[in-house]
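Summary of structural features
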Amino acid sequence: MRRLEKPVYFLLISGFLYIMTVGGCGNGGGGDEPFPPPNALAIRLAQRGQTAPDGQATFVGFLRLAGPSRGGLVAFQSLERITEDVRRLVLYLADTGGITEVERNGEPAPGGGIFRDFPQTISVNDQAEVAFVGRTAESPVDEFGDTEGYYLGSEEGIEAIVREGDAAPGGGTIFKLCIPGFLDCAYRYDGPNESGRITFVAALANTDDNRALYIADSSGITLLARKGDPVPGGNGMFEDFFDVAGPNESGQVAFIGRISGSSGGEVDNEGVYLADESGVIELAREGNPAPGGNGTFGDFRLLSGINDSGQAAFSAHLDGTSGGETDNEAIFLASEEGITDLVRKGDSVPGGGGVIDSEFYPRGPNENGEVAFGAGIRIGDEDVPIDSALFLAGPSGISTLIRHGDPGPGGVGKFAQFGLAGLNDSGQVVFRSRLFQGNKSAQGLYRVGPAEEVTALAQQFQPAPPDGSKLYRSIEDNRYRGPSESGLAFFVAGLMNADRTYSIQDTGIFLAE
């Protein structure tokens, strides 16, 4: 049984529960004694309780991280306390030189209304522009009559790209940007590229063909595909658009299309497509043979991205394969030139020691046509994988980046439990993991690439910047990003005092490389 080895005290203040002491987790305790400190340069961007740049508020929490861009720019939102009863939400751009305010709620929005909040931070480019979702109303506290829009912000100001209620190219109006679903709604967008263009799907009003895919910037909106348009090849019509990726620097957008009126019904009603202002082409279609002829495309699980060469990466389930359940999942790279099978369930692990056995949710592709992914490893006749690793796959083959049981930095500890962030053009990835050494363990954020030693970027129980008066307590779930092209990571960490007392709300936001 896992247990805390030191006493833990609880204090309830104003409805919040504060855990006041931590002593490490494990059989016999945890701690920093076995593990060397991170060998990376880390910078604190902001910390709870710190005064905001304008001196009018203090930081309370950090959310909706975006980036880093290729050059290392990031964006995030901060909840800030002005008085005990008054809060504000602020959107920032940041790099290793510090943070810059872009927008805050309560300010006028381009096109009318007052920004009430920012439901999503989309991403940031190297022109120091951040794309975001803004929700406007007559006042910051008005909960009725909200209008959402996609905006582009920088130090120079805010530009509206599209707002609900705008006229839609081809007829109708933009009804909803958060597409209604069975229980909730979901935004479908990507970008911006270096020209400040984004791609998005919108639900439309005042028209029967009420779903469409667009590319847009502050100068206007261009229709790429619309519900009811015939699909390339003519077997059916577009019904909806998912997993939009791009636009790349050529203005290309990749997406998964849902199809109605196809000859095969449920067995050929999805496809992967590439679109730009000149038209749409098919990259893959459900029911068509997979590369090599072993099986046909079934469901497309995830389209993870598109690079500037027009290569799109996606994972898919395969039907009718020779190995059945042992080879029916794969990751593909597709472009106008054709489709390449990058990795398939059942492929041998590089260097031996089992086969890859997992569904795939890749990151990438980078500009070399490579993807990174995590997968289980099955050894022998095991019914389920008991091993795991992070891999890099590309035109030159598959390589193992880090595997369960591999040594930590300096040869101390062994890795387990990988959480993959992203991939850069050098093949480096950022990941969260836990190191085990005897009966001690520590969670951390790490970077590794092909044929390079793993780098510790931040590690539990180790001093946090700027002065080491706080220790890292945790790398927060789903709030770590990177790497940039220089290997920069962006993350939110829980903090604790040097004596390991802490508040559960004590957090900071950091860059490390």
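Each value, and the rule that gives it
Residues numbered from 1 in each chain as written. Predicted model: local features only at pLDDT ≥ 70, side-chain atom pairs only at ≥ 80, totals over all residues. Heavy atoms only, no water. Helix = DSSP H or I, 4+ residues; strand = E, 2+ residues; numbered from the N terminus. Rg over C-alpha atoms; globule rule 2.2 N^0.38 Å. Buried < 20%, exposed > 50% of the residue type's maximum accessible area, 1.4 Å probe, protein only. Contact = heavy atoms within 4.5 Å. Areas by Shrake-Rupley, 256 points an atom, 1.4 Å probe, with all protein chains shown as cover. Lys, Arg positive; Asp, Glu negative; His and termini not counted. Charge placed at Lys NZ, Arg CZ, Asp CG, Glu CD. Disulfide = S-S within 2.5 Å. pLDDT = per-residue confidence, 0-100. Pairing = 2+ DSSP bridges. Phe/Tyr/Trp six-rings, centres within 6.5 Å; stacked < 30°, edge-to-face > 60°. Lys NZ or Arg CZ within 6 Å of the ring centre and 35° of its normal. Axes fitted to C-alpha atoms, helices over the stretch in contact; angles between N-to-C directions. Polar contact = N/O pair within 3.5 Å; in protein donor to acceptor, adjacent residues only side chain to side chain. Salt bridge = Lys/Arg side-chain N within 4 Å of Asp/Glu carboxyl O.

1. Looking at the overall build of the chain
On a plain count of helices and strands, the chain comes out with zero helices and 38 strands. Relative to a compact globule of 513 residues, whose C-alpha radius of gyration would be 24 Å, the chain shows 24 Å and is just as compact. Projected onto the principal axes, the alpha-carbon positions of the chain cover approximately 70 × 65 × 35 Å. The burial tally for the chain puts 53% of its 513 residues in the buried class. Sequence separation of at least 24 residues holds for 45% of the intrachain contacts in the chain that already meet a minimum separation of 6. Here the chain displays about 20900 Å² of accessible surface, and carbon together with sulfur accounts for 47% of that area. Charged side chains in the chain number 38 positive and 71 negative. The centres of these two groups are separated by 9 Å.

2. Quick look at the state of the cysteines
Here, disulfide denotes a covalent bond that connects the sulfur atoms of two cysteines. Counted according to the given criterion, the structure contains one disulfide. One disulfide bridge connects Cys178 with Cys185, the sulfur atoms lying 2.0 Å from each other. Note on the Cys178 and Cys185 pair: the S-S dihedral is about 90°, so by sign convention the disulfide is right-handed. Residue Cys185 is classed as partly exposed on the basis of its relative accessible area, which comes to 34%.

3. Notes on the confidence of the model for the chain
Here the chain averages 91 in pLDDT, while 91% of its residues score no lower than 70. Counted against residues more than four places away or in other chains, residues 1–32, with its pLDDT under 50, gives 65 contacts.

4. Regarding the sheet that holds strand 29 (residues 387–394)
Here we have four strands laid out as an open sheet, ordered 27-28-29-30, and antiparallel in their pairing. Each edge of the open sheet is held by one strand with a lone partner, namely strand 27 (355–356) and strand 30 (397–403). Here seven bridges tie strand 28 (residues 371–378) to strand 29, and the two strands are oriented antiparallel to one another. Bridging across to strand 29, Ile377 finds its partner in Asp387.

5. Quick word on the packing of aromatic side chains
Per the counting criterion, the structure on display carries 34 aromatic pairs. Note on Phe59 and Tyr92: the rings are 6.2 Å apart at their centroids and 65° apart in plane angle, and the pair reads as edge-to-face. Of this pair, Phe59 sits in strand 4 (residues 58–66) while Tyr92 sits in strand 6 (residues 86–95), placing them 33 residues apart in sequence. Of the two residues, Phe59 and Tyr92, neither departs from the other in class, the shared state being buried. Pairing Phe297 with Phe314 gives two aromatic rings, centres 6.1 Å apart and planes at 55°, and the pair type is tilted. Here Phe297 is found in strand 23 (residues 296–306), whereas its partner Phe314 is found in strand 24 (residues 312–319), with 17 residues between them in sequence. Across the ring face of Phe175, the terminal group of Lys176 is positioned such that the distance to the ring centre comes to 6.0 Å.

6. A few points about the sheet that holds strand 32 (residues 429–437)
An order of 31-32-33-34 is seen for the four strands of this open sheet, with the pairing classed as antiparallel. Of all the strands in the sheet, the pair left with one neighbour each is strand 31 (414–423) and strand 34 (455–459). This sheet shows a mean twist of 30° between the axes of neighbouring strands, independent of strand direction. Pairing analysis gives nine bridges linking strand 32 to strand 33 (residues 440–448), with the strands arranged antiparallel. By the bridge assignment, Arg434 is partnered in strand 33 with Gln443.

7. A word on the side chain of Glu329
Mapped onto the secondary structure, Glu329 falls in strand 25 (residues 329–335). The class for Glu329 is buried, based on a relative accessible area of 4%. Looking at Glu329, its side chain comes within polar contact range of the side chain of Arg301, at 2.7 Å. Setting aside anything within four residues of it in sequence, one finds Glu329 in contact with Arg301, Ala316, His317, Val343, Arg344, Lys345, Ser358, Glu359 and Phe360.

8. Let's talk about unusual backbone geometry
Residue Pro68 is reached from Gly67 by a cis peptide bond, and omega for that bond is 0°. Here Pro68 shows up in the loop between strand 4 and strand 5 (74–83). Residue Pro365 is reached from Gly364 by a cis peptide bond, and omega for that bond is 15°. Position of Pro365 among the secondary structure elements: in the loop between strand 27 and strand 28. In this model, Ala128 sits at a positive phi of 60°, which is unusual for a non-glycine residue. On the secondary structure map, Ala128 appears in the loop between strand 8 (114–124) and strand 9 (130–137). Residue Ala128 is classed as partly exposed on the basis of its relative accessible area of 23%. Positive phi outside glycine occurs at Phe461, with the angle close to 75°. Looking at where Phe461 falls in the secondary structure, it is placed in the loop between strand 34 and strand 35 (463–464). Residue classification places Phe461 among the buried positions, given a relative accessible area of 3%.

9. Focus: the pairing of strand 11 (residues 157–163)
Inspection of the sheet shows strand 10 (residues 147–154) paired to strand 11 by six bridges, in the antiparallel sense. By the bridge assignment, Tyr151 is partnered in strand 11 with Ala160. Turn length for the strand 10-strand 11 hairpin, with the two strands adjacent in sequence and antiparallel, is two residues.

10. Quick look at the side chain of Ser358
With respect to the secondary-structure elements, Ser358 resides in the loop between strand 27 and strand 28. Here Ser358 is in contact with Glu329, Lys345, Gly374, Ala375 and Gly376, once residues within four sequence places are set aside.

11. Points about the pattern of salt bridges
One pass over the full model with this rule turns up 24 salt bridges. In this structure, Glu270 and Arg258 form a salt bridge, with 3.7 Å as the shortest nitrogen-oxygen distance. Of this pair, Glu270 sits in strand 21 (residues 270–276) while Arg258 sits in strand 20 (residues 253–260), and the two are 12 residues apart along the sequence. Judged by its relative accessible area of 12%, Glu270 falls in the buried class.

12. Remarks on the environment of Gly405
Its place among the elements puts Gly405 in the loop between strand 30 and strand 31. For Gly405, a relative accessible area of 31% puts it in the partly exposed group. Considering only alpha carbons, one finds Gly405 and Leu89, 316 residues apart in sequence, at a separation of 42 Å. Not counting residues up to four positions away in its chain, the partners in contact with Gly405 are Lys414 and Phe415.

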